[in-house]
Structure formats: C-alpha cells, structure tokens
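Chain and residue survey
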Amino acid sequence: MELTKAEEKILDGSNGEIYASAYRVLLAIGQATEAEKLAPIQWAHVSGVNYNTIGDAGVDFLQEVANGVRFRVRTTINPMGYDRRKPNTLSQNFLSKQMRIVESYKQMGATQSFSCTPYEIFRLPRKGTPVSFAESSAAVFSNSFLGLMTNKESALSALASAITGKSPYSDLRIEESRTPRLAMKSKGIDINNETDYGLLGYVAGKIAKDSCIAFSDLKSEMEMMPAKAISSGLGTSGSCGMFTSGNVSVSESIAIDDEEMSKAKDELSTSEDGDVILFGSPQLGLSELTYLHDLIAGRKFDRRCIIFCSRYVHNQARKIGLASKVESSGAEFMCDSCMCLSPLITKDNTDSIITNSVKGAYYMKSSNRVGVALKDMKTIVKTYS
Amino acid sequence: MYVVECKCVVKGFADGEALISDTPINFLTMVDARNGEIKDLDHHLYGKTLKDKIFVFPYSIGSSVGAYTLYSLKKKSSGPLAIICSNRMDITTASGCAISNIPAVYLKHNNIPQVIRNSRALTVDGAGEQILIYPN
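Here the structure is a predicted model, which is why all the values come from computation and not from measurement. (Residues numbered from 1 in each chain as written. Chains lettered and ligands numbered in written order. Predicted model: local features only at pLDDT ≥ 70, side-chain atom pairs only at ≥ 80, totals over all residues.)

1. Overview of the overall build of chain B
If you tally the helices and strands in chain B, you get four helices and nine strands. Counting from the amino terminus, chain B carries its helices and strands in the arrangement β-β-β-β-α-β-α-β-α-β-α-β-β. Radius of gyration (C-alpha) of chain B: 13 Å, near the 14 Å computed for a compact globule of 136 residues. Principal axes of the C-alpha set define a box for chain B whose edges measure 35 × 30 × 25 Å. Buried residues in chain B amount to 54% of all 136 residues. Expressed as a percentage of contacts within chain B between residues at least 6 apart in sequence, the contacts between residues at least 24 apart total 69%. (Helix = DSSP H or I, 4+ residues; strand = E, 2+ residues; numbered from the N terminus. Rg over C-alpha atoms; globule rule 2.2 N^0.38 Å. Buried ≥ 20, exposed ≤ 12 C-beta atoms within 10 Å, placed from the backbone. Contact = placed C-beta atoms within 7 Å.)

2. Quick look at the pairing of strand 8 (residues 119–125) of chain B
In the case of a regular strand, side chains alternate between the two sheet surfaces. All names here are of chain B. In this sheet, strand 8 lies alongside strand 3 (residues 13–16) in antiparallel orientation, the contact comprising four bridges. Bridged to phenylalanine 13 within strand 8 is aspartate 125. Sheet topology places strand 8 next to strand 9 (residues 130–135); six bridges connect them, and they run antiparallel. Note on strand 9: the bridge partner recorded for valine 124 is isoleucine 131. In this antiparallel pair of consecutive strands, strand 8 and strand 9, the connection spans four residues, and glutamate 129 shows a positive phi of 50°. (Pairing = 2+ DSSP bridges.)

3. Observations regarding the packing of helix 7 (residues 194–207) of chain A against helix 8 (residues 224–237) of chain A
Residue and element names in this part refer to chain A. Contact geometry for helix 7 and helix 8: axes closest at 7 Å, N-to-C directions at 30°. With respect to each other, helix 7 and helix 8 are oriented roughly parallel. With respect to the hand of their crossing, helix 7 and helix 8 are arranged in right-handed fashion. Between helix 7, through Glu194, Tyr197, Gly198, Leu199, Leu200, Gly201, Tyr202, Ala204, Gly205 and Lys206, and helix 8, the contact on the second element is made entirely by Met225, Pro226, Ala229, Ile230, Ser231, Ser232, Gly233, Leu234, Thr236 and Ser237. Split into classes, the residues belonging to the contact of helix 7 with helix 8 amount to ten nonpolar, eight polar and two charged. (Axes fitted to C-alpha atoms, helices over the stretch in contact; angles between N-to-C directions. Parallel < 35°, antiparallel > 145°, perpendicular 65-115°, else oblique. Left-handed = near helix turned anticlockwise from the far one by under 90°. Nonpolar A, V, L, I, M, F, W, Y, C, P; charged D, E, K, R; others polar.)

4. Notes on the nonpolar core
In terms of nonpolar packing, the biggest core is built from 161 residues, with A:Ala28, B:Val9, B:Ile54, B:Ile84, B:Ala94, B:Cys97 and B:Ala104 touching the most fellow members. With eight residues, the single largest contributor to this core is helix 2 (residues 17–32) of chain A. The residues touching B:Ile54, leaving out its near neighbours within four places in the chain, are B:Ala14, B:Gly16, B:Glu17, B:Ala18, B:Pro80, B:Leu81, B:Ala82, B:Ile84, B:Leu122 and B:Val124. (Core = buried A, V, L, I, M, F, W, Y, C linked by C-beta atoms within 7 Å.)

5. As for the interface of chain B and chain A
Contact with chain B, which involves 32 residues of that partner, is made by 34 residues of chain A. Looking at the side of chain B that touches chain A, the elements with two or more residues in it are strand 2 (7–10), helix 1 (27–30), helix 2 (66–75) and helix 3 (91–100) of chain B. Among the elements that take part in the side of chain B that touches chain A, helix 3 of chain B stands out by supplying eight residues, more than any other. Among the residues forming the side of chain B that touches chain A, the class breakdown is 18 nonpolar, eleven polar and three charged.

6. Here's the deal with helix 13 (residues 358–366) of chain A
The element helix 13 of chain A is largely enclosed, with a buried count of nine among its nine residues. Three or more residues of helix 13 of chain A are buried, namely A:Val358, A:Lys359, A:Gly360, A:Ala361, A:Tyr362, A:Tyr363, A:Met364, A:Lys365 and A:Ser366.

7. Section: the sheet that holds strand 14 (residues 371–374) of chain A
All names here are of chain A. A sheet is described by the order of its strands in space; here five strands give the open sequence 12-11-10-13-14, paired in parallel fashion. Of all the strands in the sheet, the pair left with one neighbour each is strand 12 (332–335) and strand 14. Taking the axes of each pair of neighbouring strands and ignoring which way they run, one obtains an average angle of 30° across the sheet. Against the sheet, helix 13 contacts strand 10 (276–279), strand 13 (352–355) and strand 14, and its axis sits at roughly 165° relative to strand 14.

8. Thoughts on the domain arrangement of chain A
Taken domain by domain, chain A holds domain 1 (5–175), domain 2 (179–266) and domain 3 (269–383). At the interface, twelve residues of domain 1 of chain A touch 14 residues of domain 2 of chain A. (Domains from an automatic or database assignment.)

9. A short note on the confidence of the model for chain B
Looking at chain B, pLDDT values average 96 and 100% of them are 70 or higher. Interface confidence for the predicted complex, given as ipTM, is 0.97, next to a pTM of 0.98. (pLDDT = per-residue confidence, 0-100.)

10. As for the environment of A:Gln283
Locating A:Gln283 in the fold gives a position in the loop between strand 10 and helix 10 (286–296). Taking the C-alpha atoms as reference points, A:Gln283 and A:Pro79, 204 residues apart in sequence, are found 9.1 Å from one another.

11. Topic: the sheet that holds strand 9 of chain B
Residue and element names in this part refer to chain B. The four strands lie next to each other as 1-9-8-3, forming an open sheet whose pairing is antiparallel. The outermost strands of the open sheet, each flanked by one partner alone, are strand 1 (2–5) and strand 3. Sheet twist, expressed as the mean angle between neighbouring strand axes with direction ignored, is 15°.

12. Some thoughts on the environment of A:Met225
Residues and elements named next belong to chain A. For methionine 225, the position within the fold is in helix 8. Sequence separation between methionine 225 and methionine 242 is 17 residues; the distance between their C-alpha atoms is 17 Å. Ignoring anything within four residues of it in the chain, the contact list for methionine 225 reads Glu194, Ser287, Glu288 and Tyr291.

Shown next as structure tokens:
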C-alpha cells in the first residue's frame with residue numbers, strides 16, 4: 001500500500017506515538033487486504049467496550065490512547081457489560097474497570113451508544129458511503145442491507161479509523177468486490193423463523209472464505225428480524241463481511257443441506273431447557289419488540305426473561321407504551337449491554353439459558369460456558385409462558 | 001532448508017517451532033488471553049499454547065474483539081513469536097499483530113503447505129517476505 005508523504009510522516013512519529021500506532025494498524029490491514037491507498041471514512045463503529053472482552057491490557061491501552069487523541073469522525077461504540085441504571089451484584093473490580101473503559105471512549109469523543117445495532121439508532125448516510133464498522137453483525141448487516149461500505153473491521157482497526165478518519169480503500173469498500181462469486185444454495189431446507197436464518201448464516205460462514213457471498217435461494221427482500229439473524233450468524237462463524245439474497249449469476253455454488261443445519265444446531269444447542277430466557281443478540285429493535293409483544297400479550301413468562309436492547313430503543317418503546325406492555329409479561333429490559341460475554345450470566349449462577357439467537361448461543365456456550373437451549377422466539381413464548 | 005515466499009503484513013524476524021491449527025481461529029473464544037492456551041474443548045490443539053510458537057492457521061473468524069486478545073498476550077509475554085496465515089490474513093489478526101509488534105505474514109494457499117507441517121523450526125522474515133523452513 002502506498003502512503004502519502006503526510007501519512008508517511010505520521011507513521012514515522014511526527015504527531016506522536018499514538019498516531020504512529022494508528023497508522024501502523026492501517027498499514028497492516030491495508031497490506032492484508034491488498035489496498036493501494038487509504039481513503040476517508042464517514043463513520044466508525046468501535047467494538048471492545050465490555051470489560052470481559054478486552055481485559056486489563058485493553059483498559060490500560062484505551063486510557064493511554066484517550067490521553068493523547070480525539071476521534072476525528074463520528075464514532076459510535078458497542079455494548080458494555082451491564083446496565084448502569086439497574087441494581088447489580090457485579091464485583092467492584094468489574095465495575096471500576098468497566099467505568100474506566102467508558103470514560104476513555106467518552107474522552108475521545110465517542111457517542112455513548114452502547115449498541116451493536118447502530119444502524120437502527122442513527123440517521124443513516126446514503127448508500128455507497130465508506131464507513132469502518134467493527135462488530136461483526138453490524139458490518140455484515142450494513143454492507144448487505146444498507147449499502148454502506150465497510151470491511152469486516154476489528155476493534156483495533158475501527159479505532160484506528162476513528163482516530164485518523166481513514167481506512168484502506170480495499171475489498172468491500174470497492175464496488176467490484178461487492179459482487180458475489182460464490183452462492184450458498186438452501187433449496188430444500190426448512191427456513192421458517194429467525195433461528196433458522198441465524199443457523200443458515202452460521203453454516204455458510206464456516207464454509208465461505210470469500211468476503212461476499214450470495215444466498216441465491218432466499219428472497220431478495222427480508223424483514224428486519226431474519227435480516228439481523230442471518231447477518232449475525234454469518235459474522236459469528238466466519239470472515240465473510242457481506243451477502244446478497246436473491247438469484248444472481250455466480251461461478252461456484254455450494255449446497256447447504258438439512259444435515260449440516262442440524263449438525264450446527266446440535267453444536268450450539270447443548271441443553272433441552274434453561275433457567276433464564278435471553279433475547280437480544282443483536283440487541284432487539286422496535287419491530288422485534290412489537291413481534292414479541294404480539295406473541296406474549298396476555299401471558300406471563302414462567303421464568304426470568306431478559307431483553308437486551310439499546311437505551312435508545314428502550315426509550316422509544318417506553319414512549320409508545322410498548323415497553324410497559326412487554327414488561328407485564330414479567331420480562332425485564334437490560335439496556336446498554338448484550339448477552340455475549342455478559343458478566344450477569346456465569347457458570348456459578350446459571351446452568352443453562354434459552355435464546356433464539358445463534359450468535360448469543362455461540363458466545364454463551366464458548367465464552368460464558370453455560371448450557372444453551374436454542375429455540376425460535378415463537379416456540380420460546382409458547383413453551384415458557 | 002526450504003524457502004516459501006509470503007506476503008508481509010507486519011515486519012520483523014522470528015525463529016521458532018510451528019504450532020499449526022488446521023481450522024480458522026476465533027481469538028476471543030478459543031484462546032485464553034492470560035496464557036495463550038487454546039481453551040476450546042472441541043479444537044484439536046486444546047491445551048496447547050501459542051506462547052513462543054510460530055502460530056500457523058488459515059485465518060481468523062468471528063469476533064472483532066479478538067485483536068485485543070493478541071495484544072493482551074503480548075503484554076503478558078505469552079504471545080506467539082510470529083503469525084502465518086495460510087489462506088489470507090483477516091483484519092482482526094493483522095491489526096492485533098500490528099499493535100503488538102508481532103511479525104505477521106500470509107500465504108495464498110488453500111491448505112497449510114506440507115513442508116511447514118514437516119518442519120523442525122521456521123524463520124519468518126517479514127520484511128524479506130520469506131519463510132525459511134528447517135525440515136525434521
């Protein structure tokens with residue numbers, strides 16, 4: 001990758017060590033994606049906010065960065081570990097480290113979004129706008145449904161882009177790379193609900209090495225709930241950053257069959273049942289809350305049910321009376337956070353959880369190390385209320 | 001000795017033994033950020049550590065936060081000496097190596113080359129875009 005004279009100077013330390021590091025990261029990811037140059041981006045979405053994901057090294061690193069720089073472009077941030085406005089029994093260590101992380105991002109000028117679905121909260125730039133999105137599900141969703149142009153960024157590459165306002169001009173930021181070469185055929189398999197969409201994404205992500213693939217047997221129009229589910233499933237298991245749906249001409253096709261789908265489900269769904277129901281990975285939006293409300297209206301959950309959503313969506317739902325209606329089922333809202341690596345769910349307090357999210361199931365099983373019963377929302381409501 | 005050409009992502013030299021993963025890696029869920037051990041029970045390298053090894057794997061998958069795992073390992077002196085991605089290098093691995101000064105290169109192979117599997121030791125020469133392979 002070629003840097004301009006000005007960029008070379010910053011890489012060599014003319015603006016200090018932090019800017020030099022940011023350019024080292026951009027240079028490395030530019031080399032990895034075979035970019036020719038850096039180009040401006042309009043929006044960065046940064047992951048690495050929950051203390052459980054970045055640890056002590058991350059806390060110290062972010063504080064050091066925050067002492068030296070301010071973000072140059074609009075920057076939103078991923079969920080943190082818990083809801084500050086709710087009582088909790090988390091350790092003092094977790095709480096103080098989590099607050100240091102929040103302070104560092106604030107100091108750098110991040111919008112306090114604490115959301116993995118920034119595309120549901122903020123005014124969207126027009127199609128074709130280059131952005132830098134970490135948070136795998138948001139990168140895949142924004143490329144595939146909103147026409148924003150991002151590679152599947154990492155926590156550190158999106159941070160470098162927030163600091164410099166630039167990203168490599170490569171791969172999914174170039175129009176020609178956004179045409180799939182490989183199609184995933186799903187004809188003949190039952191895809192009836194959001195969990196099936198999530199599993200399809202999860203299976204495809206394991207197979208595909210390309211950055212853009214096609215689901216040629218799916219309808220080109222997709223509702224919000226399956227769209228979020230398939231994006232997050234794909235982001236969880238693979239390195240693919242975009243998909244198209246609907247028929248396109250491709251040079252290679254791979255068929256996914258029922259056997260692969262049930263194998264993936266068996267891998268993720270390790271338990272018949274669970275102590276607590278978790279919704280919201282990615283965090284639920286208004287359309288999903290409305291769907292849940294329609295299912296649960298007049299009924300009560302027979303066990304604890306936690307809904308993870310952004311503060312913004314929660315407040316909207318509160319305003320239109322939706323939040324209190326959902327709460328009358330016994331479900332509770334948990335804002336600013338997400339189930340993945342949540343400190344609220346541990347081996348010590350939970351044997352297994354119930355969720356409709358494939359992404360949630362994967363992280364609950366592999367990071368939180370609890371059992372998982374993976375079922376779609378309709379089945380969950382029917383079974384546990 | 002064999003020589004394999006590679007593409008450089010992060011410059012630097014490293015000599016050491018290879019630790020080879022046949023499957024893609026999710027750094028956040030599969031690697032213990034405290035000591036570099038593979039903690040995924042289903043992984044064929046379960047219990048082995050990346051520490052002081054040249055870690056060879058196809059590419060990384062999943063979480064964007066995995067870059068911090070590489071950084072945490074480096075801070076704890078438990079990181080790999082170098083990284084070789086055999087298929088292509090993803091952004092999570094590239095950025096994690098860049099911030100941690102871990103030499104990183106990639107090949108464009110569908111499979112991990114047999115000469116690397118049969119090696120006693122490797123030298124990764126990032127800037128020179130070469131991997132020197134000392135056979136068993």
